[in-house]
Amino acid sequence: RKEVEQDPGPFNVPEGATVAFNCTYSNSASQSFFWYRQDCRKEPKLLMSVYSSGNEDGRFTAQLNRASQYISLLIRDSKLSDSATYLCVVNNQAGTALIFGKGTTLSVSS
Amino acid sequence: ETGVTQTPRHLVMGMTNKKSLKCEQHLGHNAMYWYKQSAKKPLELMFVYSLEERVENNSVPSRFSPECPNSSHLFLHLHTLQPEDSALYLCASSQDPLTTYEQYFGPGTRLTVT
């Protein structure tokens, strides 16, 4: 099983749609979870951290299921500007490094 | 944004050349990182420095040699590279090397080895 696995997509959705991305991770000892966003030919930037109780930031909701080792990101009311690659990120067993997934590409069209 | 800067932004080098990538962070962070991003592959962590000491080295070939002279600067010295080393090299920094902290990335150096 890959350390961090994501559906690469692309997800092509119209403006206003709700879209969900999933991610699984292999290390049951991981304690830190994040979603980063990377625009085309740009550097990754933190979108949000993922907490055990789940958390919401505007149109974005992140959920963590430790038992299933599964993380999700829900985007409501998609905007054209949401088009990007979304990277699922988990820390390693030692807590010394972040492990990135390959990313899920989202394309929002008008 | 000028939190983390990298130079050069693009580099083309032959396999026998020696070059260096430079990274500077203006955020007062204590940890700095080098990552490699190849097409259709996830970001790969190469090196981690905490307060100028290397704390992580992910089995990177010796043709990549990092240097961290102070907590604001990080270099990646390159020599006798291979074509498969062509990639985007990203520098990042964080407040602390603990992975609970957000990492801030620079714009990257796009390296092509011919």
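Further up the page is the structure itself.
As the structure is a prediction and not an experimental result, all values here were calculated from the model. (Residues numbered from 1 in each chain as written. Chains lettered and ligands numbered in written order. Predicted model: local features only at pLDDT ≥ 70, side-chain atom pairs only at ≥ 80, totals over all residues. Heavy atoms only, no water.)

**Q** Any chance you could explain the overall build of chain A here in plain terms?
**A** Along chain A, the regular secondary structure elements total 0 helices and 11 strands. What you see in chain A, going N to C, is helices and strands ordered as β-β-β-β-β-β-β-β-β-β-β. Over its C-alpha atoms chain A spans a radius of gyration of 13 Å, differing by no more than 12% from the 13 Å that the globule rule assigns to 110 residues. The principal-axis extents of the C-alpha atoms in chain A amount to approximately 45 × 30 × 20 Å. Looking at the 110 residues of chain A, the share that counts as buried comes to 49%. Within chain A, contacts between residues at least 6 apart in sequence are counted, and of these 56% link residues at least 24 apart. Total accessible area on chain A is roughly 5300 Å²; 47% of this is exposed by carbon and sulfur atoms. (Helix = DSSP H or I, 4+ residues; strand = E, 2+ residues; numbered from the N terminus. Rg over C-alpha atoms; globule rule 2.2 N^0.38 Å. Buried < 20%, exposed > 50% of the residue type's maximum accessible area, 1.4 Å probe, protein only. Contact = heavy atoms within 4.5 Å. Areas by Shrake-Rupley, 256 points an atom, 1.4 Å probe, with all protein chains shown as cover.)

**Q** Where do I start with the environment of L111 of chain B in this structure?
**A** Secondary-structure assignment places L111 of chain B in strand β11 (residues 109-113). Residue L111 of chain B is classed as buried on the basis of its relative accessible area of 2%.

**Q** Got a minute to help me understand the state of the cysteines in this structure?
**A** Formally, a disulfide is one covalent bond, and it connects the sulfur atom of one cysteine to the sulfur atom of another. Residues and elements named next belong to chain A. Evaluated as defined, the whole model comprises 2 disulfides over all chains. Put simply, C23 and C88 are joined by a disulfide, and their sulfur atoms are 2.0 Å apart. Across the S-S bond of C23 and C88 the torsion is about -75 degrees, and the bridge reads as left-handed. Within this pair, whereas C23 is found in strand β3 (residues 19-25), its partner C88 is found in strand β9 (residues 84-91), the two being separated by 65 residues in sequence. (Disulfide = S-S within 2.5 Å.)

**Q** Before we go on, may I ask you to explain the sheet that holds strand β8 (residues 70-75) of chain A in this structure?
**A** Consider a sheet: its strands pair through backbone hydrogen bonds, and that pairing is either parallel or antiparallel. All names here are of chain A. If you walk across this open sheet you meet the 5 strands as β1-β3-β8-β7-β6, and the pairing is antiparallel. Only two strands of the sheet have a single partner each, and these edge strands are β1 (4-6) and β6 (55-57). Between one strand axis and the next, the sheet turns by 20 degrees as a mean value, whatever way the strands run. Summarising the sheet, β3 and β8 pair through 6 bridges and their orientation is antiparallel. (Pairing = 2+ DSSP bridges. Axes fitted to C-alpha atoms, helices over the stretch in contact; angles between N-to-C directions.)

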